[in-house]
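Per-entry structural report
Below are the chains, spelled out letter by letter.
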Amino acid sequence: MSVQTFISQKVRAIEESNEGRTYLLTCTGENGNLEVAGFFELCLTSIDFGKMSGKKQKQFKGPYTHLRDNHAGGYCIGELGRSDKYSKNELPGKVILKEARSLIGRSQNVVGGRYALIDARREIFENLYRPAGFKEVATTNVPAEGDMDIVVGVAKVSAWE
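Residue positions within a chain follow its written sequence, with the count starting from 1. Side-chain atom pairs in this predicted model are given and counted only at pLDDT of 80 or more, local residue features only at pLDDT of at least 70, and totals for whole chains, interfaces and linings cover all residues. Derived side-chain values reflect all non-hydrogen atoms in the structure, with water molecules and hydrogen atoms excluded from consideration.

A look at the pattern of salt bridges
One speaks of a salt bridge when a side-chain nitrogen belonging to Lys or Arg is within 4 Å of a carboxyl oxygen belonging to Asp or Glu. In total, this model carries five salt bridges according to the counting rule given. The partner of Glu136 in a salt bridge is Arg122, and the shortest N-O contact between them spans 2.7 Å. Of this pair, Glu136 sits in strand 5 (residues 135-142) while Arg122 sits in helix 4 (residues 122-129), placing them 14 residues apart in sequence. Here Arg130 makes a salt bridge to Glu136, at a shortest N to O gap of 3.5 Å. Several salt bridges share partner residues, and in doing so they unite Arg122, Glu126, Arg130 and Glu136 into one network. What counts as a helix is a DSSP run of H or I of at least four residues, what counts as a strand is a run of E of at least two, and both are numbered from the N terminus.

This is the structure we're talking about:
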């Protein structure tokens, strides 16, 4: 399946469900047509601090111990991708992530929210998300993906400023 077909199907599903939004990074291709170079999805989520160790809870909650039942609202970066037509050098993942972070920052100014949540393969977490300030809070195994370990990470949005 091509990236364009994948994006088209994902955008339609996300938008129709009204669970989140998909944002496209576009450019003008060699033939002068508009091309999708990359994309990311954002949605709202709830982060369960009760499943974290006491040390991790304190690290994230800080003086805000009033968080409802160990839950806090946040933003989820559900997908982040690049078209096969573009290399890591032409469109680095950190550029796509920067766009997602910028939009989360604007949303935070309107409605609040202190956290961003992601899940990613270990290699992507270590090379992209950890340098961007995400802390590993859990690891889960995905049997449908060949028993791949997936890292769950949380970042304080205010730390990005």
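Observations concerning the packing of aromatic side chains
To describe a pair of aromatic rings, you give the distance between the ring centres and the angle between the ring planes. To pair, rings of Phe, Tyr and Trp, with the six-membered ring standing in for Trp, must have centres within 6.5 Å; the planes then decide the type, stacked if under 30 degrees apart, edge-to-face if over 60, and tilted in the middle. Per the stated rule, a full pass over the model turns up two aromatic pairs. The interplanar angle of 20 degrees and the centroid separation of 5.2 Å between the aromatic rings of Tyr23 and Phe40 together place this pair among those described as stacked. Of this pair, Tyr23 sits in strand 1 (residues 20-28) while Phe40 sits in strand 2 (residues 34-48); the two residues are 17 residues apart in sequence, bridging distant segments of the chain. Working definition: with a 1.4 Å probe on protein chains only, accessible area under 20% of the residue-type maximum means buried, over 50% means exposed, and in between means partly exposed. Residue classification places Tyr23 among the partly exposed residues on the basis of a relative accessible area of 30%. Given a relative accessible area of 4%, Phe40 falls into the buried group. Note on Tyr129 and Phe134: the rings are 5.4 Å apart at their centroids and 85 degrees apart in plane angle, and the pair reads as edge-to-face. Residue classification places Tyr129 among the buried positions, given a relative accessible area of 5%.

Quick notes on the sheet that holds strand 3 (residues 71-82)
The strands that make up a sheet pair up through hydrogen bonds in the backbone, lying either parallel or antiparallel. Here a strand pair is declared whenever DSSP counts at least two bridges between the two strands. Sheet architecture is open: six strands sit in the order 1-2-3-4-6-5, paired in mixed fashion. Where the open sheet ends on each side, the last strands, each with one partner, are strand 1 and strand 5. Between one strand and the next, the sheet's axes are offset by a mean angle of 25 degrees, whatever the strand orientation. Direction of pairing for strand 4 (residues 115-121) relative to strand 6 (residues 148-156): antiparallel, over a ladder of seven bridges. Residue pairing in the sheet places Ile118 in a bridge with Gly153 of strand 6. The axes are straight lines fitted to the C-alpha atoms, using for helices just the contacting stretch, and the angles between their N-to-C directions are given from 0 to 180°.

Description of helix 4
Burial in helix 4 covers these residues: Phe125, Leu128 and Tyr129. All buried residues of helix 4 fall inside an arc of 100 degrees around its axis, so they share one side. Looking at helix 4, the residues exposed on the side facing more than 90 degrees away from the buried face are Glu123 and Asn127. In this description, contact between two residues means that some pair of their heavy atoms is separated by no more than 4.5 Å. Considering only its buried residues, helix 4 is in contact with strand 3, helix 3 (93-111), strand 4, strand 5 and strand 6. Regarding the arc, it is the one traced by the directions from the helix axis to the C-beta atoms.

Considerations on the confidence of the model for the protein
One confidence number per residue, pLDDT, is output by the predictor and ranges from 0 to 100. Confidence along the protein averages 83 in pLDDT terms, with 81% of residues attaining 70 or more. The element-level mean pLDDT for the protein is lowest in helix 1 (residues 3-17), coming to 64, with helix 4 highest at 94.

With respect to the environment of Val154
Relative to the elements of secondary structure, Val154 occurs in strand 6. Considered as a pair, Val154 and Glu136 are 18 residues apart in the sequence and their alpha carbons are 6.7 Å apart. The residues touching Val154, leaving out its near neighbours within four places in the chain, are Ile47, Met52, Phe60, Tyr115, Ala116, Leu117, Gly133, Phe134, Lys135 and Val137.

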